[in-house]
Every structure is written in structure tokens, then in C-alpha cells.
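# Examination of the molecular architecture
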Amino acid sequence: MELAYIPSPSSGVLYLGPVPLRGYAFSILAGLFVALWIVDRRWVARGGQKGTAWDIAFWAVPFGLVGGRLYHVITDYQLYFGEGRNWVDAFKIWEGGLGIWGAIALGAVGAWIGCRRRGIALPPYADALAPGLALAQAIGRWGNWFNQELYGRETDLPWALHITSTEGGRVPGYYHPTFLYEFLWCVGVALLVIWADRRFKLGHGRAFALYVAAYCAGRFWIEYLRVDEAREILGLRLNNWTAMIVFVLAVVYFVMSAKLRPGRETVVEPGAAATGGATGGATDGSAGGDDAPDAAGSGSGSGATEPEIAGKDGKADSPETKEEAGPKKPDAGSKADASPKEKDGAADKDAAGPGDAKAEDAEAETARADSEDTGPGAADSADARSKDEAGSAKKS
């Protein structure tokens, strides 16, 4: 009695009018976008510039797709170049067949080219990419479910995968859902890398090495369950040998890197630090602007004030007070053009106090009054006195 099982889709293609929407291609693209979103966030958190991950992906993604397809075609060439096979099918990537080993190897070459063009090192970028790449693999494995491929041995477990297709020599029945096993394993690898990276501050490519080692460990036993046709060496599938070799290389790199280059990179993208500093300076400058001196002088609390000048009484004088206390410059056309006598008179007048000015005004008024009160008789007597004085002078 069938209690429970995982059903397979009746078709891996949905048609939007004449446009086919293939589940395998959709799974791959969804995984790529998730990976790029994660690596972009992690790269910025490490001190990189936003958008760098997408620029490098412009090189890494095409290289990775070509590498993944090449690995699959080379290792399973009998599917495309054997008797009764059509070699054109080797280019039909939408029908499935991407080798993760080739995708990572050639994708790393593309990432290296992208990093070189941006002037950054590959290891820190690989560290930022590691958990996103694991999740991309997890999502991409659902493409195998759409195509009813790469399943495991027969089983009666409640989570068995029900295969219904007879295409390509498939036998309908209930099998281990290896796509689901790898999906769950890759999600666990992503979480492991994120935790270890936060806990131990992994750097210099060690987060990526941890991802590779952890993935290979799971891929070995999952690959061992599969029953699809594959090349074998000494009784083991080729992918099992690849997983073991890559696992050893990843562990060796992790250990050697920890000894030779402990810690984490402080600067991952020099251009980002320079751009951030310039941006910060521009922001600060725009906040101050040309109005900064006025704001400082008004005492608005900006903290930037003019230097204070100590006065005679020991108190700080403002620039305006200093200017008023100093000597005033003569206005053009006034004292500058005055004659020496006028200058002396002006100086005496400036030197005189308020009391002296009042006394001079009183004497001037008295003189005017005497001249007004003096009549013609007074003038004649004055002339007579002057004549007498002149005669006495002659006699003497």
C-alpha cells in the first residue's frame, strides 16, 4: 500500500504561448540570482563596493556554464557520441547536464578575470561567494526533479520519489530522491559556512575551502546512491573519485592557509575605500558649504567658531569688537586732502574735551555780541586812541 511519496511533474516544460518555460533552466537561473544577491551583500559587508559582484559575474557565469557543460559532455561522451546518438544534443543545455566540478573550475577562471579587471584579489571574493554558491546548487537541483533524472536506488521509504517517465530507458518506480538529499545538504553547507565565517573570521579563501570540503563530503555518499549511467574507475563512479580528490585539496588548502596567512583581509577592494572616503568628504562639504562661516559666526552650535582675540581686560573680543576698537581710516577726499593748518586744527579739536568746546562757543558768542553793540562813536574813539599812540611813538 502506497502511504506517501514525492510525485514527479508530468512535464518539465510549461508553455507561455509559443515560448517554452523549462523547469531546469528556471531552477538554474533562480539559483544564480540568489547567489549573486548573497555575494553582493556579503562583499559590501566585507568592505567592498556595491555592484562589484555583478560585474565579476559577467565573466564568471558564462565561464561556469561552459565549464559545467564541458565536464558533463567529456565524462559522459557516450550519451552524445555513441552509436545512435546525435552530437548536436551536446549543445542542448536546457535538457540537463551540468557538471558542478567543471562549472566551479572554469567559473573560477572567469571570476579571476573579473577580479583582475576590478583590481581585487580572488580569495576574498571567493569567501563572499561560498554560501551563495551552495544555495545556488541547492536551488538548481530542483531542475533534476523537473526532468525526472539523477535519482537513486529503489526504496520504499515514505519520501521516495515516484518516477513515471520511460524516456531514455527509465523504469517507473520509487527511488531515493537524491535531488532532495543534495538540496538539503547544500542548504546545510551554506549555513555552516555562514556560521563558521562569523565565528572564526575566515579569510584568504578559507570560507570557500570549507564550502568545497563540506560539499564534497556530502556529494560522495549522495553520488554513491545514484543509479544513472556513469563512468566508473575501480568500482567507483568518476564523480566519487573527483569528490575525494577535491575534498583532500580543500582541506590541505584550509590548513596551510590558516598557518601561513591567519586572520582576515582588512581591505578587500582598495577602490571602495577611496570612493567611500571621497563620498564622505563630499557629503561633509555639502553640509558645510559656503554658508559654514556664517553658521559658525552665528553660534548655531556647529562647533566650528572663529578664533577668539583677547582684549585689554582679559576678556575675549570678537572680530567686530576688535575692528571697532582700532583706528578708523580717513575717508577719501576729506582729511586726506586737508591742509596742514586744517589738520592741526582738527587735531586740536579732536584733542579738546567736551568742556573746552563749550568754552570756545561761549567766547565766540560774546565777541559777536560786542561787535553788534559797538556803534560809530566807539569806532571814532578807537581811531583817536590809535592816532595818539602813533604820535607818542614818533616823539619817543
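Each remark here, short or long, concerns the structure printed above.
To start, this report covers the structure provided alongside it. What you see is a predicted model; the values in this text were computed from it and never measured.

What follows concerns the side chain of Ser8. Among the structural elements, Ser8 can be located in the segment before strand S1 (13-16). Reaching out from Ser8, the side chain makes a polar contact with the backbone oxygen of His162 at a distance of 2.5 Å. Not counting chain neighbours up to four residues away, the residues in contact with Ser8 comprise Trp145, Gln148, Leu161, His162 and Ile163.

Time to look at the pattern of salt bridges. Counted under the stated rule, the structure contains 13 salt bridges. The partner of Asp40 in a salt bridge is Lys50, with the nearest N and O atoms 3.2 Å apart. Here the residue Asp40 occupies a position in helix H1 (residues 23-45), and Lys50 occupies one in the loop between H1 and helix H2 (52-75), the gap between them amounting to 10 residues. Exposure remark for Asp40: the relative accessible area of 5% places this residue in the buried category. Here Arg226 and Glu223 are joined by a salt bridge, their closest N and O atoms 3.2 Å apart. Overlapping salt bridges bring together Arg219, Glu223, Arg226, Asp228 and Arg237 as one network.

Attention now goes to H1. With 23 residues, H1 extends 33 Å from end C-alpha to end C-alpha; this agrees with the ideal 33 Å at 1.5 Å per step. Of the residues flanking the end of H1, it is Gly47, one or two places downstream, whose phi is positive at about 110°.

Attention now goes to the nonpolar core. Counting residues in hydrophobic clusters, the biggest one holds 39 residues, and the most contacted among them are Val39, Trp101, Tyr125, Val193, Phe208 and Tyr211. Of all the elements in the fold, those that place two or more residues in this core are H1, H2, helix H4 (100-118), helix H5 (122-140), helix H7 (178-200), helix H8 (206-225) and helix H9 (238-260). Tallying contributions element by element places H8 first for this core, with nine residues. What Val39 contacts, discounting residues up to four positions off in sequence, is Ala53, Tyr125, Ala128 and Leu129. Listed in part, the eight residues of the second largest apolar core include Trp145, Tyr151, Leu161 and Leu180.

Turning to its location among the elements, Ala111 is positioned in helix H4. A relative accessible area of 6% places Ala111 in the buried class. Separated by 56 residues in sequence, Ala111 and Asp55 have C-alpha atoms that sit 9.5 Å apart.

Here we come to the environment of Gly99. Structurally, the position occupied by Gly99 is in the loop between helix H3 (78-81) and H4. A sequence separation of 28 residues divides Gly99 from Tyr71, and the C-alpha atoms of the two residues are 5.5 Å apart.

With respect to the helices, strands and loops of the structure, Gly173 is situated in strand S4 (residues 173-175). C-alpha of Gly173 to C-alpha of Thr155: the two residues are 18 residues apart in sequence and 9.0 Å apart in space. Not counting chain neighbours up to four residues away, the residues in contact with Gly173 comprise Leu161, His162 and Ile163.

So, about the packing of aromatic side chains. Enumeration over the complete set of coordinates arrives at 16 aromatic pairs. With a centroid separation of 5.8 Å and 70° between ring planes, the pair formed by Trp43 and Tyr125 is classed as edge-to-face. On the criterion of sequence distance, the pair formed by Trp43 in helix H1 and Tyr125 in helix H5 is long-range, its members being 82 residues apart. Members of the aromatic cluster, connected to one another through ring pairs, are Trp142, Trp145, Phe146, Phe179 and Phe183.

Thresholds applied
Residues numbered from 1 in each chain as written. Predicted model: local features only at pLDDT ≥ 70, side-chain atom pairs only at ≥ 80, totals over all residues. Heavy atoms only, no water. Helix = DSSP H or I, 4+ residues; strand = E, 2+ residues; numbered from the N terminus. Polar contact = N/O pair within 3.5 Å; in protein donor to acceptor, adjacent residues only side chain to side chain. Contact = heavy atoms within 4.5 Å. Salt bridge = Lys/Arg side-chain N within 4 Å of Asp/Glu carboxyl O. Buried < 20%, exposed > 50% of the residue type's maximum accessible area, 1.4 Å probe, protein only. Expected span 1.5 Å × (residues − 1). Core = buried A, V, L, I, M, F, W, Y, C linked by side-chain atoms within 4.5 Å. Phe/Tyr/Trp six-rings, centres within 6.5 Å; stacked < 30°, edge-to-face > 60°.

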